[in-house]
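# Breakdown of the fold
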Amino acid sequence: MQLSKEAILKSLSRVEDPDLKRDLVSLGMIQKIHIEGKKVSFSVVLTTPACPLKEVIKNNCIEALEEDFGKDLEWDIHMTSQVTTVREATPILPDVKNIIAIASGKGGVGKSTTASNLAVALAESGAKVGLIDADISGPSIPTMFNVEGEQPSVKKVGDKNVILPIEQYGVKLISIGFLTPADSAVVWRGPMASSALRQFISDVEWGELDYLLIDLPPGTSDIHLTMVQTVPVTGAVIVTTPQKVALADATKGLTMFKQPQINVPVLGVIENMAYFTPEELPDNKYYLFGKEGGKKLAEKYQVEFLGEIPIVQSIRESGDTGYPAVLKNGITQKAYKELAESVARQVAIRNAEKKKTEIVEIKA
């Protein structure tokens, strides 16, 4: 086959994105083809920097090209990424590509720990990430990021005061915990808590983000309704533990997003505290809270099972010291990195297959 840009694209049109089930060329992933003698360079633009299949896709490209052009040419393939979005021309958070709700029906299932480590894992992969602590009465994000004593600064933009988020471990953060004394309870009625969330969304200078995670309080409350009425949410992630009592509440959280009037895509279910593994016996698994409850929940509602996180001492220690477990070598780092890859993959699939989410209008 004669070497040309058109011929190269024809060859690469046989290579599929394993997640989106479409070829790289029709997806617009092949860019900047440059031919210089026997050296050919081009970029493959993936849908997320957290893509676990980079090498697979790269090898599939080389295989297709060598099949058509032989092995005498030098192929310089640059694997890069651009996170996809279906949010266009939005007045609120215009530069945020994806808004992901992290929810649970029940407290105590490790939702904030999961949200924190997921945010850091996405940032570690190269994505631009923000995290809103929407649990107004029980904010824990400042502790988990070791920034309890920090206070965000404010700057004037036109006639409006804008809050600058705290940045730690590559993640932009905002929490009511930054704005109130650490030892004081926030005793607010629903409308006040909802107003705080609206401010966190619209009055904070988030800038360009690939993913903005919103760590929701337990249950299905005013905060959840405020979120879906303020911004179109790309998708929701449900965090649960395996036992029956947690699954019953997680089911309510999941079905809330599936209600026709809310209609937020559920990206999948995370099973936290899936099993206990002692540090000195890493191959031993003890299923303290039952087994595969999250997996069965995902199967029942035909959503993705995003992964399981073990319960180990280092996760608790990391939460207390404010140094996320995903930054420490070991079983938890691997689990959270794989979780970030799963979530990023589901966001890309959702953006390719589903229409954009609409802001919810619920009439009283």
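To be clear, the structure that these remarks concern was listed above.
Here goes a summary of the coordinates provided. (Residues numbered from 1 in each chain as written. Predicted model: local features only at pLDDT ≥ 70, side-chain atom pairs only at ≥ 80, totals over all residues. Heavy atoms only, no water.)

### What about the sheet that holds strand 3 (residues 30–36)?
Judged by pairing direction, the sheet is mixed, and its three strands sit side by side in the order 3-4-5 without closing on themselves. Sheet topology places strand 3 and strand 5 (74–81) at the edges, where each strand pairs with a single neighbour. When the angles between neighbouring strand axes are averaged without regard to direction, this sheet yields 15°. Looking at chain direction, strand 3 and strand 4 (residues 39–46) are connected through five bridges and run antiparallel. Paired with Ile-35 across the two strands is Val-40, which belongs to strand 4. Running at roughly 130° to strand 3, helix 1 (residues 5–12) makes contact with strand 3, strand 4 and strand 5 of the sheet. Strands in contact with helix 2 (residues 54–69) are strand 4 and strand 5; relative to strand 5, the strand with the most contacts, it is inclined by about 150°. (Pairing = 2+ DSSP bridges. Helix = DSSP H or I, 4+ residues; strand = E, 2+ residues; numbered from the N terminus. Axes fitted to C-alpha atoms, helices over the stretch in contact; angles between N-to-C directions. Contact = heavy atoms within 4.5 Å.)

### Here we look at the nonpolar core
Core analysis: the largest hydrophobic core is formed by 86 residues, its most contacted members being Ile-132, Tyr-211, Leu-213 and Phe-257. Every residue in contact with Phe-257, bar those within four places of it in the chain, is listed here: Ala-101, Ala-103, Leu-216, Met-227, Ala-236, Ile-238, Ile-262, Asn-263, Val-264 and Val-266. (Core = buried A, V, L, I, M, F, W, Y, C linked by side-chain atoms within 4.5 Å. Buried < 20%, exposed > 50% of the residue type's maximum accessible area, 1.4 Å probe, protein only.)

### With respect to the packing of aromatic side chains
Summed over the entire model, instances satisfying the criterion amount to five aromatic pairs. Between Phe-276 and Tyr-286, the ring centres sit 6.3 Å apart and the planes meet at 35°, which makes this aromatic pair tilted. Of this pair, Phe-276 sits in strand 14 (residues 266–276) while Tyr-286 sits in the loop between strand 14 and helix 8 (293–300), and the two are 10 residues apart along the sequence. Taking relative accessible area as the criterion, Phe-276 reaches 30% and is therefore assigned partly exposed. Members of the aromatic cluster, connected to one another through ring pairs, are Phe-145, Tyr-169 and Tyr-323. Sitting over the ring of Tyr-275, Lys-285 keeps its end group 4.5 Å from the ring centre. Above the ring of Tyr-287, the side-chain terminus of Lys-291 is found at 4.8 Å from the ring centroid. (Phe/Tyr/Trp six-rings, centres within 6.5 Å; stacked < 30°, edge-to-face > 60°. Lys NZ or Arg CZ within 6 Å of the ring centre and 35° of its normal.)

### So, the environment of Lys-296
On the secondary structure map, Lys-296 appears in helix 8. In this structure the C-alpha to C-alpha distance between Lys-296 and Lys-337, which are 41 residues apart in sequence, comes to 23 Å.

### Section: the pairing of strand 15 (residues 305–311)
Of the strand pairs in this sheet, strand 14 and strand 15 are connected by five bridges, and their pairing is parallel. Residue pairing across strands places Val-269 opposite Phe-305, the latter belonging to strand 15. Between the parallel pair strand 14 and strand 15, the chain is carried across by helix 8, and the sense of this crossover is right-handed. (Right-handed = clockwise from strand over helix to strand, strands pointing away.)

### Digging into helix 8
If you check which residues of helix 8 are buried, you get Gly-293, Gly-294, Leu-297 and Ala-298. What you see down the axis of helix 8 is that its buried residues fit within an arc of 140°, all on one side. Structural note: helix 8 exposes Lys-296, Glu-299 and Lys-300 on the side pointing more than 90 degrees away from its buried face. In this structure, the buried side of helix 8 is in contact with strand 13 (235–240), helix 7 (244–258), strand 14 and strand 15. Of the residues one or two after helix 8, Gln-302 is the one with positive phi, at around 55°. (Arc of directions from axis to C-beta.)

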